[in-house]
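Take a look at the letters that make up each chain.
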Amino acid sequence: MSDAQVLVASNRGPVSFSLTDDGALTMRRGGGGLVSALASVAGQGPGAQIADAESPDAESDAQASALWVCAALSDADRAAARQAPDGRLDLAGLDTGGGAVRMLDIPSATFHRAYNSVANATLWFVHHLLYDTPNKPHFDAGFHRDWQSYHAYNAAFADALARDAARGAKVAIQDYHLTLTPHMLRERRPDVRISHFSHTPWAPPDYYRMLPDDIGVQVLEGILGADCAGFLTERWAKAFLDCCEAVLGAKVDRITPTVTYQGRATRIGVHGLGVDGPALRRRAAEADVADRAAKLRKRVGDRQMLVRIDRTELSKNLVRGLAAYRELLVNHPEWHGRVVHVAFAYPSRYDLPEYREYTEAVERMARQITDEFGDDGWEPLILEVYDDYPRSLAAYRMANVLLVNPIRDGMNLVAKEGPVVSEHGCALVLSQEAGAAAELGDDALLVNPYDVSQTSEALHQALLMPRDERATRCERLAATAMALPPQQWFAEQLAALG
């Protein structure tokens, strides 16, 4: 008998679609860190196989790739899902780990309310401690309507997984978009083994309790429907345990660790996520990256390069990072003409007004720096707000200093990718509130992300760091970053299910 079938469930899948001018559908690999982490392993899970479409409850000995269940994110995605036989997409020829995808055609209004109003504007804000509490959150009748959409969205995933899972299958459910799905799937298919993994931080109980009482309970009960719940660091796992104890009154064993609630036990695991170093380095060595590097070097000249790569996401703390660079130039004029800050800040969640306003704040601060310090012979800041992955890899390769200063972050793979790709060794200035700080803190310069002056001085120290020390630290950072590649991270979650 073969090992159990593996299914992966996440909001964003491994592919996305677009429409050409003549109305034809074109397919490409999807974006996002989760896709990068799972695509290389989803087709290689132990004994991964696809359930028999005619008899989803039947066991099969035939080995095949995992099934990935995701949401259609655009009109083109929805069109592709409607055209696919039995809703399954053939991914032949794409670097996604192989296998099949079931893309769920969830009504666009339901998806928008679930994704933007609840997942991104509520759960994300809670776990990243982002609320301006004198004004928000404001949980009125409109929010409770949105919550019903979030419930329906999670139910759509639970229905699809229940339909496709073979008896005894392993189902790996991902992230804050799908917190209710484990419990829903447990009710539908008690025979399957379920894991849930949180890629975000987890809020401490006092902050978590800002959620309406019934909703806070539903989220915790939803995750506890899983056999195993995973987190990126001990810190986030402990916060989850604290919430289960304080909000649910659940029995928490902190030695195992396990949460027992309503007669069921859920094991809590910590699975750090690193990068696939060899694959990342191969990609960084390709011609398009070299082309971007040559163009960037022409703009920067022989000056030191201070790099950040981020989404214009509130938790990423771009405005304070730019303010720290400005303070560096004010307090240390010896760096005038000798350093360039390269900030690639890609658009994020532009449907939410808070994010549009934040992007504008980033651009205002950038203009202030350029107007205050720029001259005909020196461009102190290069800010780009559009996505260009080869250009990001080029910046990693060339960076002398990498700035990663989030307010709060589940892990932060930028802090790991940069040292892996670096050609001559880069110093890492890292927020102590990033999950990665637990692993990389010994060789990074740790900062309080709210302390602009401390961050400014850390940048100064990083720029002054001797080349040999910078290279040695970077080598150790890269080794740590590659110690937990995505394949191992995913395999550990499956192994925890038995």
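The following refers to the structure shown. Just so it is clear, the structure is predicted and the values come from calculations on it, not from any experiment.

Rules used throughout
- Residues numbered from 1 in each chain as written.
- Predicted model: local features only at pLDDT ≥ 70, side-chain atom pairs only at ≥ 80, totals over all residues.
- Heavy atoms only, no water.
- Buried < 20%, exposed > 50% of the residue type's maximum accessible area, 1.4 Å probe, protein only.
- Helix = DSSP H or I, 4+ residues; strand = E, 2+ residues; numbered from the N terminus.
- Pairing = 2+ DSSP bridges.
- Phe/Tyr/Trp six-rings, centres within 6.5 Å; stacked < 30°, edge-to-face > 60°.
- Expected span 1.5 Å × (residues − 1).
- Arc of directions from axis to C-beta.
- Contact = heavy atoms within 4.5 Å.
- Polar contact = N/O pair within 3.5 Å; in protein donor to acceptor, adjacent residues only side chain to side chain.
- Axes fitted to C-alpha atoms, helices over the stretch in contact; angles between N-to-C directions.
- Parallel < 35°, antiparallel > 145°, perpendicular 65-115°, else oblique.
- Left-handed = near helix turned anticlockwise from the far one by under 90°.

### Focus: the pairing of strand β9 (residues 228-231)
With burial as the criterion, each face of β9 is covered, one bearing C228 and G230 and the other bearing A229 and F231. For strand β8 (residues 193-198) and β9, the ladder comprises four bridges, and the chain directions are parallel. Along β9, the bridge assignment pairs H196 with A229. Bridge analysis of β9 against strand β12 (residues 264-270) gives four bridges, and the strand direction is parallel. Across the sheet, residue C228 finds its bridge partner in β12, namely R267.

### Examining the packing of aromatic side chains
Enumeration according to the criterion identifies 13 aromatic pairs in this entry. On the basis of an interplanar angle of 40 degrees and a centroid distance of 6.3 Å, the ring pair of W489 and F490 is categorised as tilted. Residue F490 is classed as buried on the basis of its relative accessible area of 1%. Through successive ring pairs, a cluster of aromatic residues spans F111, Y115, Y153 and F157.

### Details of helix α10 (residues 287-300)
Taking 1.5 Å of rise per residue, 14 residues should cover 20 Å, and α10 covers 20 Å from first to last C-alpha, within 8% of that figure. Those residues of α10 not exposed but buried are V289, A293, L296 and V300. For α10, the arc enclosing every buried residue in end-on projection is 70 degrees, short of the 170-degree limit, so these residues lie on one face. For α10, the exposed residues lying more than 90 degrees away from the buried face are A287, A294, K295 and K298. Tucked inside the fold, the buried residues of α10 contact α9 (277-284), β13 (304-311), β14 (339-346), β15 (381-384) and α13 (389-398). With its phi angle positive at about 75 degrees, G301 sits one or two positions after the end of α10.

### So, the side chain of H199
Tracing the sequence through the fold places H199 in the loop between β8 and α6 (205-208). A residue is classified by how much of its surface remains accessible, and H199, at 17% relative accessible area, is buried. At 2.8 Å, the side chain of H199 and the side chain of Q174 are in polar contact.

### Here we look at the packing of helix α14 (residues 414-421) against helix α17 (residues 467-481)
Contact geometry of α14 with α17 gives a least axis separation of 8 Å together with a crossing angle of 120 degrees. One finds that α14 runs oblique with respect to α17. The way α14 lies across α17 gives a crossing that is left-handed. Across the interface between the two elements, K416, P419 and V420 from α14 touch C474, L477, A478 and A481 from α17.

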